[in-house]
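Spelled out from the first residue to the last, the chains are:
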Amino acid sequence: MQIQFAKPSAVSGAPLSAIAVLVFEGPVLSSAAEALDQETGGALSRALAGRFRGAKGQSVELVAPANLHASQLLLIGAGSKDSFAATGAETAGAEAYKALKTSGATTLELRFSDLTPELLAHAAFGARLAAYRFDKYLTKEKPEKKPSIQTTVLATNDPDAAIAAFGPLSALAEGVAFTRDLVSEPANILYPVEFAQRVKALERLGLEVEILDEPAMAKLGMGSLLGVGQGSVRDSQLVVIQWKGSADPKAAPIAFVGKGVCFDTGGISIKGAEGMEDMKWDMGGAGAVAGAMYALAARKAKVNAVGILGLVENMPDGNAQRPGDIVTSMSGQTIEVINTDAEGRLVLADALWYCQERFKPKFMVDLATLTGAIIIALGHDYAGLFSNNDELSGALTKAGESEGENLWRMPLPAAYEKQLDSLGADMKNIGGRPAGSITAALFIQRFVNGLPWAHLDIASTAWKKPSTNPTIPDGASGFGVRLLNRLVADGYED
Ligand code: BES
Ligand code: MN
Ligand code: ZN
């Protein structure tokens, strides 16, 4: 789907088009809505005699209104005019696209001309996010089910300013789509080597990408990560992505680390059959880190950033790791693997240690679809945030609020550490049923060597079905990309 910004006079008249306008709470017609009301001999005013009051989430569709070239006219409730801002514009753009995508119209005219060029760019961003589809394996989809909208055109008196404001948002939308594609791919297609190669191809954006294979990781002593992938015929990979956008190429970077379990069967501690297909998206943390790095490079962010992806497949096999095995991590700490299904933390243990040893970053944020327990604790509207640092924690929470990717901070109580005690090793990899997400985070914290660190448990937010947000089509959400990009934009650029 193409995005265009054009002067109002140039927007109207395309054949096969649908129009969307904003109506604020009251209802208060936007000026574009007012103009259309006149043109149509009061069709909008008549529609307002019903229950539509312009509240957020409300909309009314008028079909083939008199005197208009358009086949549909959608009135989108935008809520209070005074508090209307970026998120409202995104939602409106996304709702318009979603409501009209299979209408048959090929052009969507967003007549949001009351908005500033910045807000219009956000409306375009919302439409772009809503237009994401993972349809590469649909060979028999009926034509009437396919989206008909090919172009979304936004009316503005200052197209140049809107185009300029859309630049970084377009880069961000591409990063989100990159993540959604990775997360949506099934595990027979996207295994560690394939994932690493897709990231390697991002060197075209100016990223530097290194891939460590199993012998390279063995040499570094990554027994914890390698133990997880040991039962798979697919080789494990550690991907190191660098973006050097700061004026000072030697400035300490910030670092993002992702859990990339391309499929999690549970290993020998095998999961039940029901819902196991969901475990193709157990690489959502690594997917988000890759997409965030994409966005930073595509918009040329003035920051030095490192992304580390721990990519493995967790399979049962004659060669698989057994419950009770003791592995030695790169940090030197030993781990008794009580449950092979608690594998994400084993991957992160070595990925985090490697990251801080090599890069000495300002801070590390890891993202991982780590525990089912976080879904029980928070439901699907929040990811869990665990951190040893109030400032980093506050900055992440704020970034999440701005981008509609909510975080809720959870505690890291020292008193629960003993749940990880092991008879024969430095620690066990599970802490029992109580506070499952917390003991997982406490485990990971043992592989952070004094740096500011935060862990985002995104098992609750990486996949949305059904989605309740029009900017997120059902399936892979891309959660984390917007949040990390915002964290950088608000606090860590030159
Ligand atoms: N990948 C899962 C967590 C998960 C569950 C992600 C549901 C997304 C949706 C993780 O590796 C796992 O299996 N965790 C176990 C931990 C347990 C064995 C301590 C869990 O949550 O049950
Ligand atoms: Mn698991
Ligand atoms: Zn897992």
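Overview of the structure. Every value quoted in this text rests on a predicted model; they were computed, and no experiment measured them.

## Examining the overall build of the chain
In terms of helices and strands, the chain carries 15 helices and 20 strands. Overall, the chain is about 80 × 50 × 40 Å in size when its C-alpha atoms are taken along their principal axes. Looking at the chain as a whole, 56% of its 494 residues qualify as buried. Looking at the chain alone, contacts between residues at least 24 apart form 78% of all its contacts between residues at least 6 apart. Accessible area for the chain stands at about 19500 Å²; split by element, carbon and sulfur atoms hold 52% of it. Across the chain, the centroid of the 45 positively charged side chains sits 2 Å from that of the 55 negatively charged ones.

## Some points on the coordination of the zinc ion (ligand 3)
The protein atoms donating to the zinc ion (ligand 3) are Lys 259 (NZ), Asp 264 (OD), Asp 282 (OD) and Glu 343 (OE), with metal-donor distances spanning 2.0 to 2.4 Å. Around the zinc ion (ligand 3) sit 6 donor atoms, and with donor-metal-donor angles ranging over 78 to 172° the site reads as octahedral. The sequence pattern describing where the donors of the zinc ion (ligand 3) fall on their chain is K-x4-D-x17-D-x60-E. In this structure, the zinc ion (ligand 3) lies 3.2 Å from the manganese ion (ligand 2), and both are coordinated by Asp 264. Here Glu 343 lies in the loop between β13 (334–337) and α11 (344–359) and Lys 259 lies in strand β10 (residues 254–264), a separation of 84 residues in the sequence. Considered together, Lys 259 and Glu 343 belong to a single accessibility category, that of buried residues.

## Some remarks on the sheet that holds strand β9 (residues 237–244)
Spatial strand order, β8-β9-β11-β10-β14-β18-β15-β16: 8 strands in an open sheet with mixed pairing. The open sheet has two free edges, formed respectively by β8 (208–212) and β16 (407–409), since each of these has just one partner strand. Across the sheet, the mean angle from the axis of one strand to that of its neighbour is 20°, orientation sign disregarded. For strand β15 (residues 383–387) and β16, the ladder comprises 3 bridges, and the chain directions are parallel. Residue pairing for β16: Ala 383 is matched across the bridge by Leu 407. Contacting β14 (364–368), β15 and β18 (453–457), helix α14 (residues 436–445) runs over the sheet at an angle of about 145° to β18. Contacting β10, β14, β16 and β18, helix α15 (residues 481–491) runs over the sheet at an angle of about 175° to β10.

## Focus: the site of ligand 1
Near ligand 1 lie 16 residues; those nearest to it are Lys 271, Asp 282, Asp 341, Glu 343 and Gly 372. Take Asp 282: an N or O atom from its side chain is 2.8 Å from a nitrogen atom of ligand 1. In the model, a nitrogen atom of ligand 1 is placed 3.4 Å from a nitrogen or oxygen of the Thr 369 main chain. When ligand 1 is considered free in solution it has 510 Å² of accessible area, and contact with the protein chains removes 77% of it. Each residue belonging to the shell around ligand 1 can be placed in one class, and the counts come to 5 nonpolar, 4 polar and 7 charged.

## Things to note about the coordination of the manganese ion (ligand 2)
The protein atoms that coordinate the manganese ion (ligand 2) are Asp 264 (OD), Asp 341 (O), Asp 341 (OD) and Glu 343 (OE), at distances of 2.1 to 2.2 Å. In this structure, the manganese ion (ligand 2) is coordinated by 6 donor atoms arranged in irregular fashion, with angles at the metal of 71 to 165°. Sequence spacing of the donors to the manganese ion (ligand 2): D-x76-D-x1-E.

## Points about the pairing of strand β11 (residues 304–314)
Across the 11 residues that make up β11, a large majority, 11, are buried. Here β11 shows two buried faces, one formed by Asn 304, Val 306, Ile 308, Gly 310, Val 312 and Asn 314 and the other by Ala 305, Gly 307, Leu 309, Leu 311 and Glu 313. In this sheet, β11 lies alongside β9 in antiparallel orientation, the contact comprising 8 bridges. Along β11, the bridge assignment pairs Gln 237 with Leu 311. Summarising the sheet, β10 and β11 pair through 10 bridges and their orientation is parallel. Of the residues in β11, the one forming a bridge with Val 261 is Val 312. As a crossover connection, the stretch from β10 through helix α10 (residues 284–298) into β11 is right-handed.

About the criteria used
Residues numbered from 1 in each chain as written. Chains lettered and ligands numbered in written order. Predicted model: local features only at pLDDT ≥ 70, side-chain atom pairs only at ≥ 80, totals over all residues. Heavy atoms only, no water. Helix = DSSP H or I, 4+ residues; strand = E, 2+ residues; numbered from the N terminus. Buried < 20%, exposed > 50% of the residue type's maximum accessible area, 1.4 Å probe, protein only. Contact = heavy atoms within 4.5 Å. Areas by Shrake-Rupley, 256 points an atom, 1.4 Å probe, with all protein chains shown as cover. Lys, Arg positive; Asp, Glu negative; His and termini not counted. Charge placed at Lys NZ, Arg CZ, Asp CG, Glu CD. Donors = N, O, S within 2.8 Å, 3.2 Å for Na, K, Ca; no water. Tetrahedral: all angles 85-135°; square planar, octahedral: opposite > 155°, others 65-115°. Pairing = 2+ DSSP bridges. Axes fitted to C-alpha atoms, helices over the stretch in contact; angles between N-to-C directions. Near = heavy atom within 4 Å. Polar contact = N/O pair within 3.5 Å; in protein donor to acceptor, adjacent residues only side chain to side chain. Nonpolar A, V, L, I, M, F, W, Y, C, P; charged D, E, K, R; others polar. Right-handed = clockwise from strand over helix to strand, strands pointing away.

Purely geometric stuff here, so don't read any function into it on its own.
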